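Breakdown of the fold
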Amino acid sequence: MTTIAWPDRRADIINALSILAALRPHETTSWPGLTEAVHWLIDDTFWDQRHPRSDIGTILASTDEADAITATLEPLSTILDELGPTAADDDYLTHPRWHEVTHAAADAHQLMTGQTPTPPGN
């Protein structure tokens, strides 16, 4: 088992994946929501600029986890690039590729925790 140097940051990533897996269009969400999930997954890690594999041992435990994160980031980054930073949450959540984000995030969450993600606040 790989020792994780930054367990709190890992917890943020797991929370972000849980949120992304559970968000649905036209549903009201309280904090944390899409903005926080993107912040934890991208802004706090710089994974939009470097591969998640560089964080094995600090945030991630394996190449499988890094690859699962990459599978989540690819459609998410595409959506963010297409819509920009100021679109309404529903614009992101109704994007034709959003289902790819939710499925990949659920898979990554399952891999990292062994548990099915639950919606925020549950």
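In short, a report on the structure. (Residues numbered from 1 in each chain as written. Predicted model: local features only at pLDDT ≥ 70, side-chain atom pairs only at ≥ 80, totals over all residues. Heavy atoms only, no water.)

Despite not being glycine, Phe-46 shows a phi value in the positive range, around 65°. Mapped onto the elements, Phe-46 comes out in the loop between α2 (34-43) and α3 (63-83). (Helix = DSSP H or I, 4+ residues; strand = E, 2+ residues; numbered from the N terminus.)

Moving on, we get to the pattern of salt bridges. Throughout the structure, instances matching the rule amount to five salt bridges. Salt-bridge contacts for Glu-74 lead to Arg-97; the nearest nitrogen and oxygen are separated by 2.6 Å. Separated by 23 residues along the polypeptide, Glu-74 in helix α3 and Arg-97 in the loop between α4 (89-93) and α5 (98-113) bring together distant segments of the chain. When its relative accessible area of 44% is taken as the criterion, Glu-74 is described as partly exposed. In this structure, a network of salt bridges that share partners links the residues Glu-74, Arg-97 and Glu-100. (Salt bridge = Lys/Arg side-chain N within 4 Å of Asp/Glu carboxyl O. Buried < 20%, exposed > 50% of the residue type's maximum accessible area, 1.4 Å probe, protein only.)

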